[in-house]
Amino acid sequence: ERAAEEAAGREFMRTLDDLTGRAKNRRTIASWDYESNITEHNRERQLQVALEVAEEEKELWKETMTYLWHEFEDEDLKRMFQKYSKLGSSALPEDLNQRLIEAINNMQSIYAKATICDYNDRSKCNLYVEPEVTNIFAQSTDPEELKYTWLEWHKAAGAPSKGNFTEYVNMKNEAAKLNGYDSVAEWWLGEYEEPDTEEQFAELWTQVKPLYDQMHAYVRRHLRLRYGEDVVSARGPIPAHLLGNIWAQTWNHVEKFTRPYPEKPDVDVTAALVSQNYTALKIFKTAEDFFKSLNLSGMPDLFWERSIIEKPNDGRDMVCHASAWDFFDSEDFRIKQCTTITSAFFKTTHHEMGHIQYYLQYKDLPVVYRAGANPGFHEAVGDIMSLSVSTPKHLRLMGLLEDGPEDLESNINQLYKMGLEKIVFLPFAYVLDLFRYGVFRGTTSESDYNCHFWQLRESLQGVEPPAPRSEEDFDPAAKYHISSDVEYMRYYISYIIQFQFHRSLCQLAGEYVPGDPDKLLSNCDIYNSTAAGNALGKMLQMGSSKPWPDAMEALTGQRKMDASGVLEYFQPLYDWLKEENERTGEYIGWEPSNVQYC
Ligand SMILES: C=C(C[SeH])C(=O)N1CCC[C@H]1C(=O)O
Ligand SMILES: [Zn+2]
């Protein structure tokens, strides 16, 4: 009897997976059309299709729950039923699901359409976050211009979304409860499939905090030397508008005037890309070439036909934030990004193509398994490639960097440059979802949003706002992922595990030997290594068919996320920073901020 039930369950699962694939394809097409051309019509259609698909999923779910799948013997079949038993936001009654979708659409279109006026030319008021505001933060060293731009952007893109955010939180929490979670926080944490996920995240932070604190102290010193004691204090948090990025999430753009050995040749990839007439397409083809060199898949023809790789100049409103899309039909995969010719977009293109590569590697799995082993895995794939591409060795191979010294000072400069991207990002990413966990759990109420957000930013990141903040402001929504309902712990995890993956791949490629100064992890380039590519491909082909420790073990032999990869990669920099901060007597850590924000 049970065997018959299980056989029926297996047959049902085949049908369910096929129908689910079609439904997700329809919903994804409608979302793509809306996000690549924000019009009333496309917004209406996206809402209608999403609601129709939710009703279909609800009907299928009722049938799924008629099977006694908990008793099944086949672990794989049970895993599929277990995943399909989580309906997500489609569990909401249609009216509440509509309110949820509209709250998110409101925030997303506020963010996508937000513009500010130029500091120097107040009549020029068509500055978007991409590319204009991003470029101002990359290039300006005028604290007043940066302060103005920071305040204007947060006023235009953050504050107007506060009401929508509260609606979103309430609706999404309702969905969480209908799926058996106490709040969205537990739903999001559940995606990591471990009983102690939250504790693991906290443990990772304690492992990397000492390294971060040294970076923070060093950068604060050099910002103080440049901007003066009145703008940057000796022992306080760093003002968020001086770090080269509107969200202070990565600090690459302060590298040129803060690096350890300024007399060493600069590594300016942006200038090289521009002078060598790189186009968006050439950047994409270069990234594709890296994946093919590893014996991984090239991009299918449909990808080149349907992707949007530059901001259209027909005046349309669109979501410019870079994204990679799986249309769940095993053949349609696209990137949408408003590429400009910069080093940042060179990396972002590899990042997005890493998502596409994962989609391609698992495209023949059941639809239910077409996801990352955990959300952090999906964000790590492209960054693994960038770790190799960013080495001076690889940049020289591509003619993007002229020959230079390979001495210790240059290596410290290179590690510092990488640290401004990979180390400083960690507390930023951790804070974004610590904030949202607090909101979803109710420990942060609507009247505390901005206060608690800045308390977390000061406490973990050691940054402060450039001016007093109030609850009239809503600074979290000035960050894309908060306005677009995208979980963010995935990036925090990615920036840890990508170094574990990189270490294993580099050993497979013969590019890294523990303890061998001529085979440093930070100089490893896995380009052209089919041994590395095949091992990575095998892990990616697993999708989410197994718990993520099985996938990690397949590539690294480890079953735990840990910061040993990051710490090993940056060890020489950590030693140098400790010595340097000791030498200059720099205060490690920060005293409470004097800026009023609660
Ligand atoms: C490039 C993407 C699309 Se998945 C992105 O959002 N990233 C990649 C790095 C972190 C995060 C961000 O920009 O905040
Ligand atoms: Zn990504």
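Residues numbered from 1 in each chain as written. Chains lettered and ligands numbered in written order. Predicted model: local features only at pLDDT ≥ 70, side-chain atom pairs only at ≥ 80, totals over all residues. Heavy atoms only, no water.

Novice: Sorry if this is basic, but what is going on with empty space enclosed by the protein here?
Specialist: Leftover empty space is mapped by rolling, across the atoms, a probe with the size of a water molecule. Here the structure, examined in full by the defined rule, presents three cavities of 30 Å³ or more. Size it by volume and the largest cavity reaches roughly 150 Å³. Looking at the largest cavity, it is lined by 15 residues, and the ones nearest its centre are Val269, Ser343, Lys347, Ser390 and Lys417. Counting only elements with at least two residues in the lining of the largest cavity, the list comes to helix H13 (343–361), helix H14 (375–389) and helix H16 (408–422). Looking at the lining of the largest cavity residue by residue, the classes come out as six nonpolar, six polar and three charged. (1 Å grid on protein atoms, 1.4 Å probe; cavity = no way out; pocket = protein on both sides within 12 Å on 5 of 7 lines; lining within 4 Å. Points joined across faces, edges and corners; volume = space filled by probe spheres on them. Helix = DSSP H or I, 4+ residues; strand = E, 2+ residues; numbered from the N terminus. Nonpolar A, V, L, I, M, F, W, Y, C, P; charged D, E, K, R; others polar.)

Novice: Sorry, what's going on with the coordination of the zinc ion (ligand 2) here?
Specialist: Reference geometry at the metal: tetrahedral coordination by four donors gives ideal angles of 109.5 degrees; octahedral coordination by six donors gives 90 or 180 degrees. Of the protein atoms, only His351 (NE2), His355 (NE2) and Glu379 (OE) coordinate the zinc ion (ligand 2), at distances of 1.9 to 2.1 Å. Donor residues for the zinc ion (ligand 2), ordered by position in the chain, follow H-x3-H-x23-E. Placement of His351 in helix H13 and of Glu379 in helix H14 is noted, with a sequence separation of 28 residues between them. Each member of the pair, His351 together with Glu379, is buried. (Donors = N, O, S within 2.8 Å, 3.2 Å for Na, K, Ca; no water. Buried < 20%, exposed > 50% of the residue type's maximum accessible area, 1.4 Å probe, protein only.)

Novice: Before we go on, may I ask you to explain the side chain of Asn164 in this structure?
Specialist: Position of Asn164 relative to the elements: it lies in helix H7 (residues 162–178). Note on Asn164: relative accessible area 16%, which makes it buried. Contact partners of Asn164, with chain neighbours within four places excluded, come to Ala103, Asn106, Met107 and Ile110. (Contact = heavy atoms within 4.5 Å.)

Novice: Would you explain the state of the cysteines in this entry?
Specialist: By definition, a disulfide links two cysteine residues through a covalent bond between their sulfur atoms. In the structure shown here, the tally under the stated rule is four disulfides. Covalent S-S linkage joins Cys117 and Cys125, the inter-sulfur distance amounting to 2.1 Å. Handedness here is read from the sign of the S-S torsion; for Cys117 and Cys125, about 105°, the answer is right-handed. Look at Cys117 and you get partly exposed, because its relative accessible area is 22%. (Disulfide = S-S within 2.5 Å.)

Novice: What's the story with the environment of Phe333 in this structure? I'm lost.
Specialist: Following the sequence through the fold, Phe333 ends up in strand E3 (residues 333–336). A relative accessible area of 1% places Phe333 in the buried class. Spatially, the C-alpha atoms of Phe333 and Arg306 are 8.3 Å apart, while their sequence positions differ by 27 residues. Setting aside its immediate chain neighbours within four residues, Phe333 contacts Pro300, Phe303, Ser307, Trp325, Asp326, Phe327, Ile356, Tyr359, Leu360 and Lys363.

Novice: Sorry if this is basic, but what is going on with unusual backbone geometry here?
Specialist: Outside of glycine, negative phi angles account for most residues, and trans bonds account for most peptide bonds. Cis geometry is adopted by the peptide bond preceding Pro131, which originates at Glu130 and carries an omega value of 0°. Residue Ala248 is not a glycine yet carries a positive backbone phi of 55°. You can see Ala248 is positioned in the loop between strand E1 (238–239) and helix H10 (269–275). Judged by relative accessible area, which is 0%, Ala248 ranks as buried. We note that Ser330 has phi near 65°; this positive angle belongs to a residue other than glycine. As for its position among the elements, Ser330 is in the loop between strand E2 (323–326) and E3.

Purely geometric numbers; function is a separate question.
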